[in-house]
Amino acid sequence: MRARVFAIIRSTMRLLRLKPGHGEIVLAEGDVEVPEQERELIEAFRRELDAGMWAAVPTETSSGRREAEYVKSFADVPRDAERVIFFPRAAGGAPGSSR
Amino acid sequence: MWLALGTAAVVLLALLWELARPRLASALARSRAGAAARRERAAQSGYDPGRERRAEQRARALLRSCVDEETWAMYRDLGFLRVWGGLGDRAQGASYAYLVYPHKPIVAYLPQTRELLNEYCVAFPDHTKPYGSARLPDSDDVLAKWMALSADERHLIAEANMHLPGRQIDPERVRRDLLRLARWERERAARSADSVPAA
């Protein structure tokens, strides 16, 4: 019963983006089971990928270990995912010396 | 008599106004331009002493919600986190690991010997620069590295610039951090053992 209630409460998915100088911002939020909201999520997802962002979904293995997995299309996002996190693509960098 | 004096006063005031008006207009224009320039400079710099701190607080909360409790505690206490290499966890026999620092290269090392292997210089530049800086908050940078290593280690390493240890991070500092990490793990294990009630 408790698990069922929990599942109902977390039926919404949030698309987050890591922003310089700000922390994460919410790009879109909605219930993937509601077609209109799902469409908005898909549009926001595509916009971010088109802007060159990477997308990852934080997950938890059956053993309780936290991981992340890349998603390259909205269809790859698990339906019960709470969050998709967008962040800028990695680039080989050489920031200033930290010595 | 009074009429003549009044008329003369009005004419005098009108003459003075005509003489002073260009200077007053010029001074007013300079004042307006100065104020506009000050506003523009403030908007460009956008300096808000609390903004970076608030951003970092948000980033820490997000990182904490994504990683294991132990990993979060490691970052909170030591300022870096360790990610096991080899696309697996230690139980599966990871033979190497990474130290992930904010805005510094990822350092690969051998946990058994503490030998440093490589530095992987990688950044996540946001070229939209919406807030005047391309850098993510520290904890967001760590989260991005953790997600990228966790999701596709090979890809991230392929994107990074690889260097020998010591290129950007002092190897002595990394060795000290590894000792701190070992001590931290011992103390954590001891606390955990203490908290388990005797059978």
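Shown above is the structure to which this text applies.
Residues numbered from 1 in each chain as written. Chains lettered and ligands numbered in written order. Predicted model: local features only at pLDDT ≥ 70, side-chain atom pairs only at ≥ 80, totals over all residues.

Draft legend 1. Highlighting the overall build of chain A. The helix and strand inventory of chain A stands at 2 helices and 6 strands. Of the regular secondary structure in chain A, the N- to C-terminal order runs α-β-β-α-β-β-β-β. Counting across all 99 residues of chain A, residues that qualify as buried make up 30%. Sequence-distant contacts in chain A: of pairs separated by 6 or more residues, those separated by 24 or more amount to 42%. (Helix = DSSP H or I, 4+ residues; strand = E, 2+ residues; numbered from the N terminus. Buried ≥ 20, exposed ≤ 12 C-beta atoms within 10 Å, placed from the backbone. Contact = placed C-beta atoms within 7 Å.)

Draft legend 2. Representation of the sheet that holds strand β3 (residues 53–60) of chain A. What the 5 strands build is an open sheet, ordered β2-β1-β5-β3-β4 (chain A); its pairing is mixed. Pairing within the sheet leaves two strands with one partner each, and these edge strands are β2 (23–31) and β4 (66–70) of chain A. Between one strand axis and the next, the sheet turns through 30 degrees on average, direction left out of account. By the bridge criterion, 4 bridges tie strand β1 (residues 12–19) of chain A to strand β5 (residues 83–88) of chain A in an arrangement that is parallel. If you follow Arg14(A) over to β5(A), its bridge partner there is Arg83(A). Packed on one face of the sheet, helix α2 (residues 51–66) of chain B meets β2, β3 and β4 of chain A and runs near 55 degrees to β2(A). The sheet strands contacting helix α4 (residues 138–159) of chain B are β1, β2, β3, β4 and β5 of chain A, and the helix crosses β4(A) at an angle near 75 degrees. (Pairing = 2+ DSSP bridges. Axes fitted to C-alpha atoms, helices over the stretch in contact; angles between N-to-C directions.)

Draft legend 3. Spatial organisation of unusual backbone geometry. Residues and elements named next belong to chain B. The phi angle at His-103 is positive, at roughly 55 degrees, despite the residue not being glycine. Within the secondary structure layout, His-103 lies in the loop between β2 (97–100) and β3 (106–110). Positioned with a positive phi, Arg-114 is a non-glycine residue whose angle comes to about 60 degrees.

Draft legend 4. Just the packing of α2(B) against α4(B), in detail. Residues and elements named next belong to chain B. At their nearest, the axes of α2 and α4 sit 7 Å apart, and the two run at 30 degrees to each other. Taken together, the axis directions place α2 and α4 in an arrangement best described as roughly parallel. The segment α2 lies against α4, with Glu-56, Ala-59, Arg-60, Leu-62, Leu-63 and Cys-66 engaging Asp-138, Ser-139, Asp-140, Val-142 and Leu-143. The class makeup of the residues in the contact of α2 with α4 is 6 nonpolar, 1 polar and 4 charged. (Parallel < 35°, antiparallel > 145°, perpendicular 65-115°, else oblique. Nonpolar A, V, L, I, M, F, W, Y, C, P; charged D, E, K, R; others polar.)

Draft legend 5. Region of interest: the interface of chain B and chain A. If you look at the interface, chain B gives 40 residues, while chain A gives 27 residues. Looking at the side of chain B that touches chain A, the elements with two or more residues in it are α2, β4 (115–123) and α4 of chain B. Of all the elements, α4(B) adds the most residues to the side of chain B that touches chain A, at 9 residues. In terms of residue class, the side of chain B that touches chain A is made up of 22 nonpolar, 6 polar and 12 charged. As judged from the 2 bridges shared by strand β6 (residues 91–92) of chain A and β4(B), these two strands associate in the antiparallel manner. Each bridged residue has a counterpart across the sheet, and for Ala91(A) the counterpart in β4(B) is Ala123(B).

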